[in-house]
Amino acid sequence: MSAGDRVEARREPGRIGGGARTAMLMTALLVAIAGCAAQPSATASAPESRSVTPPTEPASPTPVARPHVTAIPGAPASAVVLQLAAERVRWDVDTLTVPAGMTWTLELDNRDGPPEIHNFGIVDGPSVADRIFVSPNTQGPIMATYEIPGLPAGTYEFVCTVHPEVMRGTLIVQ
Ligand SMILES: [Cu+2]
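Note that the coordinates shown come from a computational prediction; the quantities given were computed from them, not determined experimentally.

1. Describing the overall build of the chain
Within the chain, the regular secondary structure consists of four helices and nine strands. Helices and strands in the chain line up, N terminus first, as α-α-α-α-β-β-β-β-β-β-β-β-β. Across the 174 residues that make up the chain, the buried fraction comes to 15%.

2. What about the sheet that holds strand E6 (residues 131-134)?
Reading across the sheet, the five strands line up as E3-E9-E8-E5-E6 and stay open at both edges, with mixed pairing between neighbours. In this open sheet, the two strands that pair with only one neighbour each are strand E3 (95-98) and E6. Taking the axes of each pair of neighbouring strands and ignoring which way they run, one obtains an average angle of 25° across the sheet. Where E3 and strand E9 (residues 168-173) come together, four bridges link them in parallel fashion. Counterpart to Thr 97 in the pairing with E9 is Ile 172.

Reading the values: rules and limits
The numbers attached to residues start from 1 for each chain and follow its sequence in the written order. Whole-chain, interface and lining totals are the exception, using all residues; otherwise, since this is a predicted model, local features are given only for residues with pLDDT of at least 70 and side-chain atom pairs are given and counted only at 80 or more. What counts as a helix is a DSSP run of H or I of at least four residues, what counts as a strand is a run of E of at least two, and both are numbered from the N terminus. Partly exposed residues are those whose C-beta has more than 12 but fewer than 20 other C-beta atoms within 10 Å; with 20 or more the residue is buried, with 12 or fewer it is exposed, and the C-beta atoms are placed from the backbone. Whether two strands pair comes down to DSSP finding at least two bridges between them. Convention adopted: a line fitted to C-alpha atoms gives each axis, helices being fitted over their contacting stretch, and angles between N-to-C directions are expressed from 0 to 180 degrees.

As structure tokens, this is what we get:
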């Protein structure tokens, strides 16, 4: 559309026989006017399109945009073995401490029978969506052993993602 306008603008001054400078000036003026005219119409139509896009935009990027700690690939194994029990929808300890940058072993004693199920997850934020690791769910009574990936030093939370409100603890990686 704007390309067509420019071509016509160049032709008209050409017929009049004005110099190349006049033609160029006219073209520049017309382009400038077209640019000025185009901007208000673009901003005027923008609210319509904006009202369509925002609902989809904030929904998806927000969780992903957040910096997220990930497990260290190929972290060496430590000899650390920790026990953790789930009983009556509570963990039996509040804090677990493990070495930084090394994998460790968790012996998860799920003492709750049906209908409860539990898992062991590590999160680095307030939401269980910020999960770094989550074991499979188990239904007790059952003992399960997991190799937990190595993490950078820091303070995390361990959580059962099925019961995140009541089954939370602090994981200290140092
Ligand atoms: Cu649970």
